[in-house]
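Given next are the chains, with one letter for each unit.
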Amino acid sequence: MDKRRNSKGGQRSKRGILLDHDDDARGDLHNFQGPRKTLHDYFIDLSGKRASVREEALSTILKALTLNIEQKFVELNFVTLVYQCLHSIKKGSPTEMKQAAHIIGLLSMITTSVEKVHEAYEDVLTALSQGGLKPKLKTLEILGCLTVVTFFGASNSDETESVMKLLWDLIHPGTDSSIERKDSPAVLTAMISAWSFLLSTIDGWRLSHKNWQGAITYFSIILDSNDEALCAAACEALALVFESNCLEKFTSATKDSNKELKDNIIKQLRSRLSETGNERISSQDPRTGFNSASAALDFLEDEKCANTHVTIGGQKLILSTWSQKVQLKFLKHFLGNDGFVKHMMENENFHSVFDFLPERRNAWGNVLYVPEREEVTISLFQPMVARHNDCSLLPLLTRDKQLAKKKTMSPNSHLSKARTQLLKKQRDLSLKEREIDCFDY
């Protein structure tokens, strides 16, 4: 039987697939692929027992939320995703922990549910405040997760300030100068940037009088650091402190002493920028387009924040305060350039934070501007006529009602025609949006 099969073309049946030769079988099996996995499939894989399967699922979801946002997926699975990611942070491998932390941050910036994101804030803060997980706060991804969740999820300044205090205790553990700091400059820079990012959301008068004493002195000492990024973070923190216009919250010095402290900081920055051997300090930050040290010096001297702008999707975003600059820099670092542009163009939370309304463009570059609300109104003038309440006028009243009904409800009325034109315009815009292949970034 086998010889007869081979003599008729050498066909062999293997697992239900009819293949001509062994070589062809190997090639076809190599090229054969099953149905493509969906985002929901990867969501299911998060419960898998194998670490490699969970890591692949986390990586795919992380990329999807960064570059595609996936609003519907986030809203449907928010609570479960946060729970599973927290489990990965507690028990997973280092790779799982970092990916899961980043995903929680993305979830918090995408969801439009205030209740969900606040619940995530409480869960993350509770988990990271525990003794076993507290050391993980110095992991950059965990730090970013807590900061972003607090930025979008904290319901008041007290909740934000409690996380700032947690970060400050890591930045400035005590006044004993004999304690040697073991954190790398990169970790210290990340912690200061996170602290500044949260400070940018609070009005100065709401800050505690006792939590931040000595902050100005501490940041001014860091200005002498040889690390460029660390120096830039200190400059931004100092600029935010002075922009808050509540220096008494950050130092116990008198007003005259504050002026002297400010003059000393200005001298430090001038000296820093005049060093010819350290040109890197005076270079522009590619994420914001401005130099932190130079901009901080100008701000302290002029007591006014100079306007700068960045171009996003062909549109200019004006940054007129240090708070806006710090927020943009932090979020752009968290998302990466491509992810930040995507969220700026499509994420409603980002539109609210930066007061930015993007123009949507189709594949041919035409702007499809869709206003948030459109109305059609028609004004009708009817002279006031004195009438008496008698039965003889009932026919006139009935005629007036019929006339008003004809002007508003008739298919041939001006109002109905205008309403039809508006609906047709909205249908055309919807059809155009479906034809969009990409945004003109």
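None of the values given here were measured: they were computed from a predicted structure.

1. Things to note about unusual backbone geometry
1) Next: In this structure, isoleucine 69 is a non-glycine residue whose phi angle is positive, near 70 degrees.
2) Next: Relative to the helices and strands, isoleucine 69 is located in the loop between helix H4 (51–67) and helix H5 (71–91).

2. Observations regarding the side chain of glutamate 159
1) Next: Of note, glutamate 159 is situated in helix H9 (residues 157–171).
2) Next: The charged side chain of glutamate 159 is buried without a salt bridge, its nearest counter-charge being arginine 206 at 12 Å.
3) Next: Not counting residues up to four positions away in its chain, the partners in contact with glutamate 159 are His118, Tyr121, Thr150, Gly153 and Ala154.

3. Thoughts on H9
1) Next: The end-to-end C-alpha distance of H9, which contains 15 residues, comes to 20 Å, matching closely the 21 Å that a straight helix rising 1.5 Å per residue would cover.
2) Next: With 11 of its 15 residues buried, H9 lies for the most part within the structure.
3) Next: The set of residues buried in H9 consists of Ser157, Glu159, Thr160, Glu161, Val163, Met164, Leu166, Leu167, Trp168, Leu170 and Ile171.
4) Next: Buried residues along H9 sit in contact with helix H7 (114–128), helix H8 (140–153), helix H10 (185–199) and helix H11 (215–222).

4. Considerations on the environment of valine 241
1) Next: Position of valine 241 among the secondary structure elements: in helix H12 (residues 228–243).
2) Next: Valine 241 sits 41 residues away from serine 200 along the chain, and the two C-alpha atoms are 9.2 Å apart.
3) Next: Those residues in contact with valine 241 that lie beyond four places of it in its chain are Trp195, Leu199, Ile216, Leu247 and Phe250.

5. Some points on the pairing of strand S4 (residues 315–319)
1) Next: Only one face of S4 is covered, namely the one carrying Gln315, Leu317 and Leu319; the face carrying Lys316 and Ile318 has none of its residues buried.
2) Next: Of the pairings in the sheet, the one linking strand S3 (residues 308–312) to S4 comprises five bridges and is antiparallel in character. Of the residues in S4, the one forming a bridge with isoleucine 312 is glutamine 315.
3) Next: Once S3 ends, the chain turns through two residues before running back antiparallel as S4, passing glycine 313 with a positive phi of about 60 degrees.

6. Observations concerning the packing of helix H6 (residues 94–110) against helix H15 (residues 322–346)
1) Next: H15 packs onto H6 with a crossing angle of 50 degrees between their chain directions and a minimal axis gap of 12 Å. Classified by the angle their axes make, H6 and H15 are oblique. Between H6 and H15 the crossing geometry is right-handed. Residues His102, Gly105, Leu106, Met109 and Ile110 of H6 form the contact with H15, whose participating residues are Leu331, Phe334, Leu335 and His343.
2) Next: A per-class count over the contact of H6 with H15 returns six nonpolar, three polar and no charged.

7. With respect to the pattern of salt bridges
1) Next: Taken as a whole and judged by the stated rule, the model has nine salt bridges.
2) Next: Aspartate 263 serves as the salt-bridge partner of lysine 259, at 3.4 Å between the closest nitrogen and oxygen. With a gap of four residues between them, lysine 259 and aspartate 263 both fall in helix H13 (residues 255–274), about one helical turn apart.
3) Next: For lysine 259, a relative accessible area of 54% corresponds to the exposed category.
4) Next: Between arginine 270 and glutamate 301 there is a salt bridge whose closest N-O contact spans 2.5 Å. Note that arginine 270 is positioned in helix H13 and glutamate 301 in helix H14 (residues 292–302), a separation of 31 residues in sequence.
5) Next: For arginine 270, a relative accessible area of 47% puts it in the partly exposed group.
6) Next: The exposure class of glutamate 301 is partly exposed, given its relative accessible area of 34%.

8. Here we look at the confidence of the model for the protein chain
1) Next: Predicted confidence across the protein chain gives a mean pLDDT of 79, with 70% of residues reaching 70 or more.
2) Next: Mean pLDDT values over the elements of the protein chain span from 39, in strand S2 (residues 17–19), up to 96, in H6.
3) Next: This stretch, residues 176–180, has a pLDDT under 50; its non-local contacts, to residues over four places away or in other chains, come to zero contacts.
4) Next: Counting interchain partners and residues more than four positions distant, the pLDDT-below-50 stretch residues 276–283 has 11 contacts.

9. Focus on the packing of aromatic side chains
1) Next: By the definition in use, this model includes 16 aromatic pairs.
2) Next: Plain terms: the ring middles of tryptophan 168 and tyrosine 218 are 5.8 Å apart, the flat faces sit at 80 degrees to each other, and that makes the pair edge-to-face. Residue tryptophan 168 is found in helix H9, and its partner tyrosine 218 is found in helix H11; the two are separated by 50 residues along the sequence. The same class applies to tryptophan 168 and to tyrosine 218, which are both buried.
3) Next: Aromatic side chains phenylalanine 340 and phenylalanine 354 sit 6.4 Å apart centroid to centroid with 85 degrees between the ring planes, which places their arrangement in the edge-to-face category. Taken as a pair, phenylalanine 340 in helix H15 and phenylalanine 354 in helix H16 (residues 348–354) lie far apart in primary sequence, 14 residues in all. One exposure class covers both phenylalanine 340 and phenylalanine 354, and it is buried.
4) Next: In textbook terms, an aromatic cluster arises when at least three aromatic residues are bridged by ring pairs, as seen for Phe151, Phe152, Phe197, Phe330, Phe340, Phe350 and Phe354.
5) Next: Residue placement shows lysine 325 over the ring face of tryptophan 322; its charged tip is 5.3 Å from the ring centre.

10. Thoughts on the packing of H12 against H15
1) Next: Two elements in contact, H12 and H15, have axes whose closest approach is 9 Å; the angle formed by their N-to-C orientations is 145 degrees. In the crossing of H12 with H15, the sense of the turn from one axis to the other is left-handed. Taking contact as the criterion, the partners of Ala232, Glu236, Ala239, Leu240 and Glu243 in H12 are, on H15, Trp322, Ser323, Val326 and Lys329.

11. Quick look at the state of the cysteines
1) Next: Overall, the coordinates contain zero disulfides when judged by the stated rule.
2) Next: In this model cysteine 85 remains outside any disulfide bridge; the closest cysteine sulfur is found in cysteine 145, 8.6 Å from its own.

12. Thoughts on the environment of glycine 314
1) Next: Relative to the elements of secondary structure, glycine 314 occurs in the loop between S3 and S4.
2) Next: With 44 residues separating them along the chain, glycine 314 and proline 358 place their C-alpha atoms 9.2 Å apart.

Rules used throughout
Residues numbered from 1 in each chain as written. Predicted model: local features only at pLDDT ≥ 70, side-chain atom pairs only at ≥ 80, totals over all residues. Heavy atoms only, no water. Helix = DSSP H or I, 4+ residues; strand = E, 2+ residues; numbered from the N terminus. Buried < 20%, exposed > 50% of the residue type's maximum accessible area, 1.4 Å probe, protein only. Lys, Arg positive; Asp, Glu negative; His and termini not counted. Salt bridge = Lys/Arg side-chain N within 4 Å of Asp/Glu carboxyl O. Contact = heavy atoms within 4.5 Å. Expected span 1.5 Å × (residues − 1). Pairing = 2+ DSSP bridges. Axes fitted to C-alpha atoms, helices over the stretch in contact; angles between N-to-C directions. Parallel < 35°, antiparallel > 145°, perpendicular 65-115°, else oblique. Left-handed = near helix turned anticlockwise from the far one by under 90°. Nonpolar A, V, L, I, M, F, W, Y, C, P; charged D, E, K, R; others polar. pLDDT = per-residue confidence, 0-100. Phe/Tyr/Trp six-rings, centres within 6.5 Å; stacked < 30°, edge-to-face > 60°. Lys NZ or Arg CZ within 6 Å of the ring centre and 35° of its normal. Disulfide = S-S within 2.5 Å.

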